[in-house]
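Single-letter residue listing:
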2 protein chains.
Amino acid sequence: MKSHQTTIIDIAHELKISKSTVSRALIGHPNVKHTTRMAVLELAEKMDYQRNMHAISLITRKSSTLGVIVPEFTSSYFPEIIIGAQTAATAAGYNIIISQSNESYETEVANTRVMLANQVDGIMISMTKETRNYDHFKVFQRKGIPIVFFNRVCDEMKVPKVVVDDYDGAFKVVEHLLSIGKNKIAHLAGPDSLSMSVKRLSGYLDALKKHQVAINEQWIIPYDLSIPKVSIYVNHLLNLENPPNAIFAINDPTAIEAIQVIKKAGLRIPQDIAVAGFSNDYISSLIEPSLTTMSQPVQKIGIKAIELLIDQIKRDVKDWKAVTHVLKTELIIRNSTLIS
Amino acid sequence: MKSHQTTIIDIAHELKISKSTVSRALIGHPNVKHTTRMAVLELAEKMDYQRNMHAISLITRKSSTLGVIVPEFTSSYFPEIIIGAQTAATAAGYNIIISQSNESYETEVANTRVMLANQVDGIMISMTKETRNYDHFKVFQRKGIPIVFFNRVCDEMKVPKVVVDDYDGAFKVVEHLLSIGKNKIAHLAGPDSLSMSVKRLSGYLDALKKHQVAINEQWIIPYDLSIPKVSIYVNHLLNLENPPNAIFAINDPTAIEAIQVIKKAGLRIPQDIAVAGFSNDYISSLIEPSLTTMSQPVQKIGIKAIELLIDQIKRDVKDWKAVTHVLKTELIIRNSTLIS
DNA sequence: CTGTTAGCGCGTTCAG
DNA sequence: CTGAACGCGCTAACAG
């Protein structure tokens, strides 16, 4: 039993009319008699006819498909961005194909190849933490396929980006920690390959400077975002001769892990040491103590990225602008920094 | 500036050889002189050549793409299944296109149409909680496109399925609750459109029967898995004249929400009321108190579903078997049921 | 309003 | 080992 795809030809044959008429009827072209159109539509439905996107893409040279590449799926952060992206894409008549690079540069490169082979009309991407070569992105530019970065953006690429105000967010978190009387603030930072890390770090530094709090290099620990390593660094901090009384973590998963380590060490949060994160992951309100963090408009990030993509698709290449959209964050104060 | 796709013809033209030779070289066909093959490969690389999957799919009538449809992305459950699925698919040379139905029947139907139009070679799906009509699934069967259900399966469809032993899991959770001295166990159940709910409910009932514990209908509350409603039901339970001293929730998000409500009501967990969930979401070990739950081999579910899909793709349609794969669960005891 | 023709990019015969 | 010709399913010209 051959699995036979219903085609326009089948319908045309059945109805004894030409393929082009069937095609026109299906496509909604005005020049079709009402009765024939209805006949076609009805039969198409009956025969489970589905337009073959591959044939259409081959002709139109576009696929109505957008690619999304994210580094991971495990925190709630990227899934929520994807929800926003999918909503916006669907509304605009685009499908999205999602893939996760699993924080691996190799996989990321492979994923971009898949996207190219599938002739995506555009791509939105958040880099892995280990991506330092950008050739696989530049291919898109050379081919005139729009690319938009979000969250983990690539400074070297002159393309639109969607980010939150990392500097400002970090600045405000640190000010908040200072305001509750914590003046020995450590920072579990990200790798400096990500400009996000750099910006949050400099927000941290500037907030301390502004309030004339001495900066202690020992308290600044850049790490590779691999959660299992957090315990090493946190324990190290706790065992310093002059340990910090607050930790500002680069993101929520890091902060959450830090909290576990601190609790295990028998210290009280926030009395002995306060903790703050960044992103307001779903989980942050549920842990004990609940986590103070900067919330990001996650779904909005996804929506905006798709909008920028579609905007570029509709423009001429010459007309593209490399705007960076900076979305606002909001401080959510919870028990991990609440001194009663 | 027209965005020009590099094609086989471009390469052939450049090298002054025929298109078919280029095609053969690219494809790895043996009958190509080594030197010409190298020349082609080199030039292809240099020109950013990417095979056009649409053209290939049109000819081969297969897309090397598998569809994945999940109801949601917000808990860690489905993302982890997707990680497993993507790993297995990539290893077998398939791409996957993911979409989430957002628990909406309409969206689910739309998603299946997209998958069809994209000529997926197979599809793995977990239904929405409101899906009660299965015509959009049957289309795949009629077209001879393999379909595999996982987690939220459709009993009416005679196709392969991947599930965990819901009955057994629920049974053991309830036995565990009984073993710690809780004999008034409520069950926040799922909608009976999902066979998963039915099975967990019957595991609950049978465990009680086996241990000759009276069943109290008041304590069994089926709901639609919409988390905000959990507080209504839990408060209702707490305010009963004869309130339960344990709650077995259909899944972890429900259990976690229940815990929040109970804490807000000022009751102690597990002393006043114990709570258990199902699935071992990422978050369950981090909340306070940590949640007792049945862990599911999530990544394995994704891997198995893809394997079943590929197995069917390689077989003849007549050769398909509608096996249901039942994976084991494992009880994870945490503080929400730990009486010291 | 409808039919005919060409061709999107590529793999696959069939000839050399 | 290589080239020419055909066709996958469909849309877009061009004729009626």
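These numbers were taken from a predicted model, which means no experiment stands behind them. (Residues numbered from 1 in each chain as written. Chains lettered and ligands numbered in written order. Predicted model: local features only at pLDDT ≥ 70, side-chain atom pairs only at ≥ 80, totals over all residues. Heavy atoms only, no water.)

**Some thoughts on the overall build of chain A**
Here is step 1 of the chain: When you go through chain A residue by residue, the secondary structure sums to twelve helices and twelve strands.
Here is step 2 of the chain: For 340 residues, the compact-globule estimate of 2.2 N^0.38 gives 20 Å, and chain A exceeds it by more than 25% at 26 Å.
Here is step 3 of the chain: Across its three principal directions, the C-alpha atoms of chain A cover 90 × 40 × 35 Å.
Here is step 4 of the chain: In chain A, buried positions account for 56% of the 340 residues.
Here is step 5 of the chain: With 38 positive and 34 negative side-chain charges, chain A shows a spacing of 7 Å between the two charge centroids. (Helix = DSSP H or I, 4+ residues; strand = E, 2+ residues; numbered from the N terminus. Rg over C-alpha atoms; globule rule 2.2 N^0.38 Å. Buried < 20%, exposed > 50% of the residue type's maximum accessible area, 1.4 Å probe, protein only. Lys, Arg positive; Asp, Glu negative; His and termini not counted. Charge placed at Lys NZ, Arg CZ, Asp CG, Glu CD.)

**Let's talk about the side chain of B:Asn111**
Here is step 1 of the chain: Following the sequence through the fold, B:Asn111 ends up in helix 6 (residues 105-117).
Here is step 2 of the chain: Residues within four places of B:Asn111 in sequence aside, it is in contact with B:Ile69, B:Ser99, B:Gln100 and B:Ser101. (Contact = heavy atoms within 4.5 Å.)

**Digging into a nonpolar patch on the surface**
Here is step 1 of the chain: On the surface, A:Leu58, A:Ile59, B:Leu58 and B:Ile59 cluster together into a nonpolar patch covering about 410 Å² of accessible area.
Here is step 2 of the chain: Listed by contribution, the elements that provide at least two residues to the nonpolar patch are helix 4 (53-60) of chain A together with helix 4 (53-60) of chain B. (Patch = residues over 30% accessible without salt bridge, like charges linked within 9 Å, V, L, I, M, F, W, Y side chains within 5 Å. Areas by Shrake-Rupley, 256 points an atom, 1.4 Å probe, with all protein chains shown as cover. Salt bridge = Lys/Arg side-chain N within 4 Å of Asp/Glu carboxyl O.)

**Some remarks on the pattern of salt bridges**
Here is step 1 of the chain: The full count for this structure, using the stated rule, is 27 salt bridges over all chains.
Here is step 2 of the chain: The partner of A:Asp272 in a salt bridge is A:Arg268, with the nearest N and O atoms 3.0 Å apart.
Here is step 3 of the chain: Classification of A:Asp272 by relative accessible area gives partly exposed; the value is 27%.
Here is step 4 of the chain: A salt bridge links B:Lys210 to B:Glu175; its shortest N-O distance comes to 3.0 Å. Here B:Lys210 is found in helix 9 (residues 195-210), whereas its partner B:Glu175 is found in helix 8 (residues 166-179), with 35 residues between them in sequence.
Here is step 5 of the chain: The exposure class assigned to B:Lys210 is exposed, which follows from its relative accessible area of 53%.

**Some points on empty space enclosed by the protein**
Here is step 1 of the chain: For the structure shown, the criterion picks out one cavity of 30 Å³ or more.
Here is step 2 of the chain: Computed from the structure, the largest cavity encloses a volume of approximately 120 Å³.
Here is step 3 of the chain: Around the largest cavity, the lining is made up of 14 residues, and of these A:His54, A:Asn118, B:His54, B:Ile97 and B:Asn118 lie nearest the centre.
Here is step 4 of the chain: Those elements giving two or more residues to the lining of the largest cavity turn out to be helix 4 of chain A together with helix 4 of chain B. (1 Å grid on protein atoms, 1.4 Å probe; cavity = no way out; pocket = protein on both sides within 12 Å on 5 of 7 lines; lining within 4 Å. Points joined across faces, edges and corners; volume = space filled by probe spheres on them.)

**Considerations on the relation of the copies chain A and chain B**
Here is step 1 of the chain: The transformation that overlays chain A on chain B combines an axial shift of 0.0 Å with a rotation of 180°, and the residual RMSD is 0.1 Å. In the structure described here, the two chain copies are related by an operation that fits a two-fold rotation axis.
Here is step 2 of the chain: Counting the interface residues of chain A, we find that 100% of their copies in chain B are interface residues as well, pointing to one common contact surface. (Least-squares fit on C-alpha atoms with pLDDT ≥ 70 in both.)

**Section: the protein's contact with DNA strand C**
Here is step 1 of the chain: In the vicinity of DNA strand C, 25 residues are found, and the nearest of them are A:Ser20, A:Arg24, A:Arg61, B:Ile8 and B:Tyr49.
Here is step 2 of the chain: Within the side chain of A:Ser20, one N or O atom sits 3.1 Å away from a base oxygen of DNA strand C.
Here is step 3 of the chain: Within the residue set of the surface near DNA strand C, elements represented by two or more residues are helix 2 (19-27) and helix 4 of chain A together with helix 2 (19-27) and helix 4 of chain B.
Here is step 4 of the chain: Of the residues forming the surface near DNA strand C, the biggest block, four residues, is contributed by helix 2 of chain B. (Near = heavy atom within 4 Å. Polar contact = N/O pair within 3.5 Å; in protein donor to acceptor, adjacent residues only side chain to side chain.)

**What about the layout of surface pockets?**
Here is step 1 of the chain: Its boundaries defined by the atoms lining it, the second largest pocket holds a volume of some 680 Å³.
Here is step 2 of the chain: Along its surface, the second largest pocket is lined by 41 residues, and B:Glu72, B:Thr74, B:Ser75, B:Ile227 and B:Pro253 are the ones closest to its centre.
Here is step 3 of the chain: Those elements that place two or more of their residues in the lining of the second largest pocket are helix 5 (77-91) of chain A together with helix 5 (77-91), helix 9 and helix 11 (252-264) of chain B.
Here is step 4 of the chain: With four residues, helix 11 of chain B is the largest single contributor of residues to the lining of the second largest pocket.
Here is step 5 of the chain: Here the residues of the lining of the second largest pocket are counted per class, giving 19 nonpolar, 14 polar and eight charged. (Nonpolar A, V, L, I, M, F, W, Y, C, P; charged D, E, K, R; others polar.)

**Structural notes on the nonpolar core**
Here is step 1 of the chain: Within the largest apolar cluster, 98 residues are counted, with the highest numbers of intra-cluster contacts made by A:Phe149, A:Val234, B:Phe149 and B:Val234.
Here is step 2 of the chain: Sequence-distant contacts of A:Val234, defined by excluding residues within four places in its chain, comprise A:Leu188, A:Ile247, A:Ala258, A:Val261 and A:Ile262.
Here is step 3 of the chain: Membership of the second largest hydrophobic core comes to 92 residues, among which are A:Ala89, B:Ala89, B:Ala207 and B:Ala276. (Core = buried A, V, L, I, M, F, W, Y, C linked by side-chain atoms within 4.5 Å.)

**Description of helix 11 of chain B**
Residue and element names in this part refer to chain B.
Here is step 1 of the chain: End to end, helix 11 covers 18 Å across 13 residues, agreeing with the expected 18 Å (1.5 Å per residue, within 8%).
Here is step 2 of the chain: Of all the 13 residues making up helix 11, ten are buried; the element is thus mostly covered by neighbouring parts of the structure.
Here is step 3 of the chain: Looking at the buried positions of helix 11, the neighbouring elements they touch are strand 6 (185-189), helix 10 (230-238), strand 8 (246-249), strand 9 (274-276) and strand 10 (293-295).
Here is step 4 of the chain: Of the residues flanking the end of helix 11, it is Gly266, one or two places downstream, whose phi is positive at about 85°. (Expected span 1.5 Å × (residues − 1).)

**Notes on the protein's contact with DNA strand D**
Here is step 1 of the chain: What surrounds DNA strand D is a group of 24 residues, the closest being A:Ile8, A:Ser23, A:Tyr49, B:Arg24 and B:Arg61.
Here is step 2 of the chain: Of all DNA strand D atoms lying within 4 Å of any protein atom, the proportion belonging to sugar or phosphate reaches 66%.
Here is step 3 of the chain: Taking B:Arg24, its side chain carries an N or O atom lying 2.6 Å from a base nitrogen of DNA strand D.
Here is step 4 of the chain: Per element, the largest residue contribution to the surface near DNA strand D is four residues, and it comes from helix 2 of chain A.

**Brief notes about the domain arrangement of chain A**
Here is step 1 of the chain: Domain boundaries assigned for chain A yield domain 1 (8-51), domain 2 (65-163 + 297-326) and domain 3 (166-296).
Here is step 2 of the chain: Each of domain 1 of chain A and domain 2 of chain A was reduced to a C-alpha centroid, and the two centroids are 37 Å apart. (Domains from an automatic or database assignment.)

**Focus on the packing of helix 5 of chain B against helix 12 (residues 298-314) of chain B**
All names here are of chain B.
Here is step 1 of the chain: One can describe the packing of helix 5 onto helix 12 by two numbers: an axis separation of 7 Å at closest approach and a directional angle of 45°. By the criterion of interaxial angle, the relationship of helix 5 to helix 12 is oblique. Where helix 5 crosses over helix 12, the two elements pack in a sense that is right-handed. Residues Tyr77, Glu80, Ile81, Ile83, Gly84, Ala85, Ala88 and Ala89 of helix 5 touch helix 12, and the partners they reach there are Val298, Gln299, Ile301, Gly302, Ile303 and Ile306.
Here is step 2 of the chain: For the contact of helix 5 with helix 12, the residue count by class is ten nonpolar, three polar and one charged. (Axes fitted to C-alpha atoms, helices over the stretch in contact; angles between N-to-C directions. Parallel < 35°, antiparallel > 145°, perpendicular 65-115°, else oblique. Left-handed = near helix turned anticlockwise from the far one by under 90°.)

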